[in-house]
Structures are given as C-alpha cells and as structure tokens.
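Here's the letter readout for the chains.
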Amino acid sequence: MVQQIKPGQFVQLEYNGRLLEGLVMPRSLYEDEKHITLKLKNGYNIGLDSGKVRLVKVVEYETPAQPIEEKSYNEIGNGPRVLIMGTGGTIASKVDYRTGAVKPAFSAKEIVDMVPEIGNIASISIKTIMNELSENMKPENWSVMSNEVYKAFNSGYRGIVIAHGTDTMHYSASAVSFAIENPPGPVVFVGSQRSSDRPSSDSAINLQGAVTFAAKSNSSGVFVAMHAGLDDNLVAVHRGTRVRKNHTSRRDAFESVNDSPFAYIDIEKGTVKQENETTPQGKIKLMPNFLAKASIFKFHPGISESLANAVFGGDLLSIIIEGTGLGHVSREVFPHIRSAITEGKFVGMTSQCIWGSVGMTVYETGRDLMAMGVVPLGDMLSETALVKSMWALGNGLDLGSVMPLNLRGEIATRRPVEK
Amino acid sequence: MKMGFEIHIQLNTQQKLFCGCNPGEIDTKTVSFGRKLRVSSSEMGEIDPAAAFEIKKGRSITYVSGDRTSCLVEADEEPPHNPNSEAIKSAIIISNLFSAGIVDEIHFMRKIVVDGSNTSGFQRTAIVGMDGRFVYVENVIGISTICLEEDAGRLVEKGENGPVYNLDRLGVPLLEITTEPVEADAATGEKIAAGIGRTLKLTGLFARGLGTIRQDVNVSVGNYGVVEVKGVQKLEQIRKVLEFEEKRQNWLVEVSRILNERKIREADFDAEIVNLTDLLRASNSQTIQRLLSDQNALALKAPGFSGLFAKEPVPDSRLGLDLADLCKLFGFKGIVHSDEISKYGIENQILNDMSRRLDLHENDGFILIFGDGERTSRCLEMARLRLKQSLNGPPSETRMATDKGATRFLRPRPGASRMYPETDIITILVSDEMKASYRVEMKSWESAVDDIADKYNIPHQVAEQLLDSDYLEWFTEAAVTFKSIPSTVIASVVLQTFEELRKDGIQANKVALFDILNLVSKGSIAKEAIPDVLRESLSQAISVESVIKRRGLSSISQEELKKIVASILKDSRRENVQKEKIYGVIMGRVMKQVRGKIDGMLVDQEVKRQIEEEFRSN
C-alpha cells in the first residue's frame, strides 16, 4: 500500500501500533526511496521506513504551489540608480516553513522587502542574467556578465552590483575587471558565506555594503564586497584583481592579497571609508571575449613527468606556473617548459606562497627559467594571471607584452610592510 | 490542576553535538564579536509584540567565544559537523527506556530562536522517540516526545545595547523529554518529575552539576490557558512552583469573576491612552518629579481593577508586578498603578484631576508609565491586551521560576515555533539493530542507594540525598581521594554547606572543595573550619589557602591544646562555676580560641579529661 502515500498528502499512518498524523514531505535527491518523511503537527520532521507504515487514511491533499517567477525590473527606493544582477545563487531568499524550500527573490520589490535598508541607499533595479552555481561558471559566463555591465552603464546606472556564488567569485571579478576598461562607476560583486535562509546570514549586510559602495563611491573599477571580520557591521571592498577566497566558511573569507582592502563600509553609519581613488582614464571600452586555452600548473615535489608533459605539450596556449617560493620548479620540468616556449606558448610564473612577489633573479633556478623565456608575473595572483591570459587570448593580445603589465591594479611595484 | 513537564538534561558526551569542542574544558582566552539576526516579519511566526519590537530595533548581540569551549561552528563560521554518535546512541537508549517508538530516520530541524542565544538564529533539534510512557507507582505518564537538541548560548549580561552570550554552552547536547499533561496535585507532580529525573540520572548517561537538568513545567487550572514556567533547576522548586501557580491562577479566575460582577465588558478596555504630564509636573512629590524627569507620563484606564493590582494571593504574586514585568520587556524600570498611587505623595487636587481626565468611576484603576516614543505606546497597548485578558481568567503565558519557587512573568506564550529542515546535516538512519541493541541495564533506585551507602559507609538517607544531588561525582571522587576523611564529612559539605551557599547565591566550586579537603586530610586545619572557610573563599573568589592565612587558621598540636585548656581552666577557678555547668563554660571558651584549628572531638576529650582531673584532685 506504500505507493498510495504521496508528498503533499496529510495522512494518518499506523506505525508499530501507533497512530501518527502528518504531512508527507518530498524527499531530497540525497535521501533514499525506502523511507518517507512526515512533518508532524508539532513542526518536526521524522523519517519512517515505508515498509513498516500502513496508511490509515488520507485526510487531505494539498496541491503543490506553483513557483512564482515574477520578474520585475521596476525601480524601487530612493537615491542613485543601482542595478543588481543575479547570476544564480540567492541574493536574498525566504524559507517556506511548510516545505523547508528556499525561495529566492526575483523582483526588485521582493529584494527590497527582504533587505529594506537598500531602498534608502539607492533606487534599485534587479535583473537575473543567468542561473549558475558558482562552481559551474565558465569563461562564457564572464562574457555575458561583461556585456550586461557594459549595457547597464550605457543605460545610465551609476553603479552595478553582481550577486554571485562565492566559490569562484574572485575569478569572475577578475574577468570583468579586464573585460571592461574605464567603467564610469563601480561594479561590485557580492555573495554570502552563510545562506540567506538563516537569520544569521551575512547576505543582507554584504548586500548593503555592496549597494552603498555602488551608490556612493566615485571609483571606477570592479570590486568584491564581503564581511571584513566576524562582526556584522564592517564590510571590506576589495579590488577584483587582488582578491582571493582564503577560507572555506568564514564570513571574512575574502581577502585582498598583497594589498589593503580598497575601502571599508560601515553599515550602521552608511559611510564609505576609502583612501585611494580610481578615475576612468577615458571612455568605457568592452573587450568581453575569453579563450579557455590557459591553465594553472601547480608544481610540487615528486611532480609527475606525464602530467608536466600533458600540460606543457597539450593544446594550451598559456600556462601559469604556481612555482615554489620566489618562483621555482625542479629541473625535471625544465625540458617541458622549454619545448612549450619554443612552440610559441606563453609560460608565466606566479608563486604558490600566495603572499609576496616572485623574484626570479635571486637563485640560479629562477635565472635559468627566465633564460628559457618564462615570464615573471610579479605579485599577481595565479588565479588573476589565469583569467588575464584567457582574456588576452580571447581578444587577440600579445601575452608576452600584456601579461607583465599592470592593467587593472593586478600587479604592484611595492608591498607595504603591514599586511 | 493539570501539569506537564519538559525535562532538559545534559548528556555527558566528551564532545558537543555538532563539533569537536569539549564543554568541560577551561578557556585560556576569549574573543568577542557582534552580530545581528534578521528575521523578516513573515518568517517570525507568532512571536510576541515585545520580541518583534526588539528585532525591529535591530539590536546587536555580542558573543564571547573561548579558545577551548567553542570554535568556528558555534561562531556560525563553519557548518555543523555530523552529529555526535554517542549522543545519538544515548537518545535511542532513553527512548527505549521509556518504551517510545523510535523513528527510522532522524531529521534535524531548525527551530527559529530570536533572542540571540543561538548564533545561527535557530536551535537544532530532532525527534528520536515519541509516544512512550513512564510508569510511576500505579500511574502511567505518557511521554510524548524525546528530542535530541543543542543547548543555547549562556546569557552573561543583558546589556543596554543588547545581550551578551558566552558560547561555551552553545551546542552542548541535551535530551528534551516531554510528558503528556496529567491531572495531579503539587506533591504528586513533584514525585513524577523526581521519578523521571532519578530514572534518567541512574542511566549514567547524563552530566551532573548545577544547570545540567532544567525543567519547564506547564500548569493550568480548569480549562484556562496553559502557563509555561521555565528555569526550574532544582527538584524542590517544582512543588513550590506548582503550589504557587495553582493559587495564582485560581486568583486570576477570581479576578475574572470580580470583573464580571463589576459588569466590565471588553469594550470598556478601549479607552484612549491619556497624557498626564502637565498634571504631574505641577506636583510637589519629589519621587514623581524624579520618575518624570524630562519624559512624558502616559496612563491607561483599567476598568474595574481597583484593588486587584496589589492583592497578593501568595507572596510575590501581584497583578501589578506582572504588568511591571511586562513593561520591562520594553525597557521600562517599572510602572505606577492605581492601588499604590497614594504612596507617591501626589496632592489630592492633582489626583482628582487625573481621575477626571482618565474618566475613572467606582472600581476603576489605571496604570501609568514614564517614557517617550514608540516603545511607550507599544508597551501600553500590550498592557491593555493583558488587562482585557483578565476577563477570561489566567492567560497562556511564559513565566520564569524564582529560586524561592515563585514565578515571574516573562513573556506571552509564543505560538507554534517556526521550524524547517536543517539542510547542513544529513538524515541519520536508525537501523533495527540499533533500536534493539541500544539499551541500558537499569538497577532500581533502592539498589543504587544501597550500593552508595555500602561503598562509602554512609547512612541510606545520606546516600539517597547524594544520588539526587548535583554533586555525586564530586563526592565519590573526593571520598576515594581523601580516604582519611570520613565520607560523612564530605557528604555533609556537598549536601549542607553547598546548599546553604547556594541559597545565598554563592556557587560551589570543585577546586575549592578539593583544596580544603586536602588541607583537612593533612591535618593543617580541622574539619569544623570547612563551612566558614569555603564561604569566605567562594564568596570573595580567593583561594582556600589565602583564607586560612588571613584567618590565622593554621592548626595547633594536641600539646598546645592541653596548654590552652589548662590555662582557661585555671582562669575560671576564681568564678566558682557550678560543677554541672563547668563543662559547657570551659568547652565554649576553649572552642572560641581553637575553632577550626583542631578536631572538635579532641577538644571535647581534652576538656573532659582536665575537668575530671581537676575535680579528682580537689
């Protein structure tokens, strides 16, 4: 009689001689089919072996509510015009306590209802441009984001906020940094480390920070706004080419590497604290193409020759090495690098230390690698170097000359003593 | 009266429910951080207006995290780990113990908690067993659910700018055992709760110590609202709380009868809030001027309430006090009500004007608060609701038990909690093998008492008190460690001294107990000194050693004792004390000098010996 029990039914069941009443819940993909989930009247869910329960009667049947995909681009709120773009994930969402499902906000009204503070900072519009989990983002998605940002600036938005899953947010931020030259205002990526279906989510504070920066800062560039620490007040704004996710779960996982955060937002006061200014050096220019013929080669002791051969001898056009220390690999890798460079491929050096610059003139290994034609990439993050080379390849630029140049703040000539 | 119990008891697992922290460790340093919880009004469920107001204010919460007792999980900076398997096992054992039906899959839920006591904004909780029973003498008490849940953070301070919680308790595994309601008197109620508590303790699966068992008691009279009393930590409180509530609730039934007799109807409560600031400014009462300061005085008519605010059906239970507690939710220090307005020294003319402005007639009362802004009107609206409820007898509300066994208003009873699945934790399969094998062999209470009495050579009555007490583990450890001290002495310290200290709000401490027993066992001080030294040490947070040094309590030898007794005896010769009184007089004078420095029994022997000698030689 098991097949009679269906999600959405409010049922009476007999189980081990006991009478139970509750709503049959849908099972998640990760749960087996041998059990049923019953939501009891006291709100708790329990799992029961469907072979051991007997359906006494179906009390009522609820037709599952249809998901509402209301898309509204109407502006809501007061202040400078800010466009929030959705790329997947959930900027703000609410929980359906009956089913436990998380419903993302789709319209400007819904999002301003959930985080009403942003309506006092800016006039908000919202646009969902794609629906991808962060780990599934591809260079094609970066192109879509860049095109959308370009369009949005041309239609008069002062600042743009892009809500993004956090896993690869720093790659996307880097990509849009290169694809848009001279943005007239800030483009701010934002995400959350604690999902927005919980009262303690960081999403509302981060979103307020991002919207504040997009509405108030005069800086031109692409940024990432996330918690500065464990407190729910200070949001750090990082340069898109300088930022890295350095923790799996903390709210302050995103850090500026080899650089201080570009700005801080005090949420309670609504103020932007920013020491430097970046102003557009000309008209906005769009170079939105990426060619995914580049990769990162992380060297390690005992590296496999066949891996080195596959990376340097395959069809990649640009290889970013994450070398040890100041920028080294072992002698076994030399022949593979040499032949790749001879074939005209670009080989650049970054450091797996994450912090600090490569310095390839200090040791013989470094000098040998430079003599082979390996290009030292200073203190550029390996992820940024990867994205930059995909961008350079996609737009027909000469990697040898473009990669070592500082185009979007990705390379610095000095690193302050204080981290 | 009808009663039901919700017993929360702490499992003695080595680790917390969702992380690797050991709650028993001592922190060496702490960090703190501030957070805000966001719950949109549609997600709050049926929470009371005061809590809703708190959230709307966006008050921030401060958390203190110690380096040993909490980690990123409690800080809500890391997802919960898989639930502690020991805790799961214990929950199944207890479900079997109460013959409950055990679920085939455990689903952890998020129960929304808005007071900030959980960093996540929810408490994780799961049903493991349900529909069980507890057999008590000839009664069968239904056990509706057995839940495994995490404890909340520990409130350190109700700061002006928001509460401060320590995360050391957050995530500690608790079992929540909920009984079906039963019709019983207070004495039976206490026996039921004690019976369940004793059964649980005998399993050895639970931690002991103050705060490791907490009972919420649900009480109602007739068919009136159910009152939930929280924070009952000691068994002895239960009976008092039940007796208190029965009388208090019956008085509220009486209040509704009186109001009906006075022909008060619901519509009579709709009077406007009245501003009395100008009238009261004119008063010469200094108390009133101080309360008023630069604020407004706002009053609400309470139709038919004259004489009902101040009446105390049981000590510490007044409707006026309940209303004051309600206003405290909005940050007010208290209220002024009509039954005590005469205490404030307000001039009769002003009182008459107030009465007129409030449109008071015979039997009418009022309440008055001093403040400004939204909170004042919100507070009075909630007070109005409470007054109106009085027409219908005791309302459903949540109250807090006091140490003395009274209860104080805490908040209106919340509606059904908002719950949704905890998606960070996978569901846990409970196999038939687990259900069959996770059981515990239980000895009877009587045989457990016998065992302790025999093992430590103490009277049965003392053994039973020890089994009931929070300090059984300290006692057994101390009795084994300090074999030279009679077990009865150690038992009396943990049962009597600690209890007296607790009544005075002084918390017992294992380190101090072991320090002092160590000194007694070495003969450095006498056992008679234990209560005073412990009190001084614990109340002033200084070490036992320092107290002894300060008091000059180092012990004296039997030789020195002999000399002291001899000299006192000699001094007393001139007084011609009667023979039959001499022992008492000398003993008293000697003890005054040597108390705590030498065993009282030795003093007794020495005094008797010397007196006998004295009279023989005379």
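Just so we're clear, the structure is a prediction, and the values are computed from it rather than from any experiment.

Colleague: How should I be thinking about the overall build of chain A in this particular structure?
Modeller: Secondary structure assignment for chain A yields 9 helices and 23 strands. Considered along the principal axes of its C-alpha atoms, chain A spans approximately 80 × 55 × 35 Å. Taking as baseline every contact in chain A between residues at least 6 positions apart, the subset at least 24 positions apart corresponds to 70%.

Colleague: What's the story with the interface of chain B and chain A in this structure? I'm lost.
Modeller: The interface is formed by 36 residues belonging to chain B together with 30 residues belonging to chain A. Class assignment for the residues of the side of chain B that touches chain A results in 15 nonpolar, 10 polar and 11 charged. Where strand 4 (residues 45–49) of chain A and strand 5 (residues 105–106) of chain B come together, 2 bridges link them in antiparallel fashion. Bridge pairing links isoleucine 46 of chain A to isoleucine 106 of chain B in strand 5 of chain B.

Colleague: It is not clear to me how the domain arrangement of chain A should be interpreted in this structure. Could you clarify?
Modeller: By domain assignment, chain A separates into domain 1 (2–61), domain 2 (81–286) and domain 3 (294–402). For domain 1 of chain A versus domain 3 of chain A, the distance between C-alpha centres works out to 58 Å.

Colleague: Please clarify how the sheet that holds strand 18 (residues 365–371) of chain B should be interpreted in this entry.
Modeller: Sheets are built from strands paired through backbone hydrogen bonds, the pairs being either parallel or antiparallel. Residue and element names in this part refer to chain B. The 4 strands lie next to each other as 15-16-18-17, forming an open sheet whose pairing is antiparallel. Lying at the two open borders of the sheet, with one neighbouring strand each, are strand 15 (274–275) and strand 17 (336–337). With 7 bridges connecting them, strand 16 (residues 296–302) and strand 18 associate as antiparallel partners. Note on strand 18: the bridge partner recorded for lysine 301 is phenylalanine 366.

Colleague: Is there a simple way to explain the domain arrangement of chain B in this structure?
Modeller: Note on interface size: it is often stated as the accessible area lost on association of the parts. When the domains of chain B are assigned, the result is domain 1 (2–226 + 415–421), domain 2 (260–412), domain 3 (445–551) and domain 4 (558–617). The gap between the C-alpha centroids of domain 2 of chain B and domain 3 of chain B is 48 Å.

Colleague: Before we go on, may I ask you to explain the nonpolar core in this structure?
Modeller: As a rule of thumb, nonpolar side chains are buried together in soluble globular proteins. Residue and element names in this part refer to chain A. Ranked by size, the top nonpolar core spans 94 residues in total, and within it Val161 and Ala225 carry the most contacts. Looking at which element gives the most residues to this core, the answer is helix 4 (residues 203–216), with 8 residues. Both domains that furnish three or more residues to this core are identified here as domain 2 (81–286) and domain 3 (294–402). Those residues in contact with alanine 225, other than ones at most four positions away along the chain, are Val188, Val190, Asn206, Gly209, Ala210, Phe213, Val235, Val237 and Ile265.

Colleague: Whenever I open this one, helix 11 (residues 445–456) of chain B confuses me. Can you help?
Modeller: Note: α-helices contain 3.6 residues per turn, so residues at a spacing of three or four share the same orientation. Here helix 11 of chain B is 12 residues long and its end C-alpha atoms lie 17 Å apart, about the 16 Å a rise of 1.5 Å per residue gives. At the exit of helix 11 of chain B stands asparagine 457 of chain B, carrying a positive phi of roughly 55°.

Colleague: Sorry, what's going on with unusual backbone geometry here?
Modeller: For residues other than glycine, phi is negative in most cases, and the peptide bonds are mostly trans. For isoleucine 354 of chain A, which is not glycine, the phi torsion reads 70° and is therefore positive. Structurally, isoleucine 354 of chain A is set in the loop between strand 22 (346–351) and helix 7 (364–372). Using a count of 15 C-beta atoms within 10 Å as the deciding quantity, one classes isoleucine 354 of chain A as partly exposed. One non-glycine residue with positive phi stands out, namely asparagine 457 of chain B, at about 55°. Among the secondary structure elements, asparagine 457 of chain B is positioned in the loop between helix 11 and helix 12 (460–468).

Colleague: Looking at this structure, how should I read the sheet that holds strand 10 (residues 162–166) of chain B?
Modeller: All names here are of chain B. Taking strand neighbours across the sheet as the criterion, the 4 strands line up as 2-3-10-9 in an open arrangement whose pairing is mixed. Either end of the sheet is taken by a strand with one partner, and the two such strands are strand 2 (30–35) and strand 9 (154–159). Averaged over all adjacent pairs, the angle separating strand axes in this sheet is 20°, with direction ignored. One ladder, built from 6 bridges, connects strand 2 with strand 3 (residues 61–66); its direction is antiparallel. Residue pairing across strands places phenylalanine 33 opposite tyrosine 63, the latter belonging to strand 3.

Colleague: Please clarify how the confidence of the model for chain A should be interpreted in this entry.
Modeller: Detailed reading of the predicted model is not advised wherever pLDDT is low. Of the residues in chain A, 91% reach a pLDDT of 70 or more, and the chain-wide mean stands at 91. Predicted confidence is poor over residues 68–72 of chain A, with pLDDT under 50, and the contacts of this stretch with residues over four places away or in other chains come to 9 contacts.

Colleague: Sorry if this is basic, but what is going on with the packing of helix 14 (residues 487–503) of chain B against helix 16 (residues 530–540) of chain B here?
Modeller: Any two packed helices are characterised by the angle at which their axes cross and by the distance between the axes. Residue and element names in this part refer to chain B. Where helix 14 contacts helix 16, the two axes come as close as 10 Å, and the packing angle between them is 45°. The pairing of helix 14 with helix 16 is recorded here as oblique in orientation. Crossing geometry of helix 14 relative to helix 16 is assigned as right-handed. Contact residues: Val493, Thr497 and Leu501 in helix 14; Ile530, Pro531, Leu534, Arg535 and Leu538 in helix 16. Along the lines of polarity and charge, the residues of the contact of helix 14 with helix 16 split into 6 nonpolar, 1 polar and 1 charged.

Thresholds, definitions, all that
- Residues numbered from 1 in each chain as written.
- Chains lettered and ligands numbered in written order.
- Predicted model: local features only at pLDDT ≥ 70, side-chain atom pairs only at ≥ 80, totals over all residues.
- Helix = DSSP H or I, 4+ residues; strand = E, 2+ residues; numbered from the N terminus.
- Contact = placed C-beta atoms within 7 Å.
- Nonpolar A, V, L, I, M, F, W, Y, C, P; charged D, E, K, R; others polar.
- Pairing = 2+ DSSP bridges.
- Domains from an automatic or database assignment.
- Core = buried A, V, L, I, M, F, W, Y, C linked by C-beta atoms within 7 Å.
- Buried ≥ 20, exposed ≤ 12 C-beta atoms within 10 Å, placed from the backbone.
- Expected span 1.5 Å × (residues − 1).
- Axes fitted to C-alpha atoms, helices over the stretch in contact; angles between N-to-C directions.
- pLDDT = per-residue confidence, 0-100.
- Parallel < 35°, antiparallel > 145°, perpendicular 65-115°, else oblique.
- Left-handed = near helix turned anticlockwise from the far one by under 90°.

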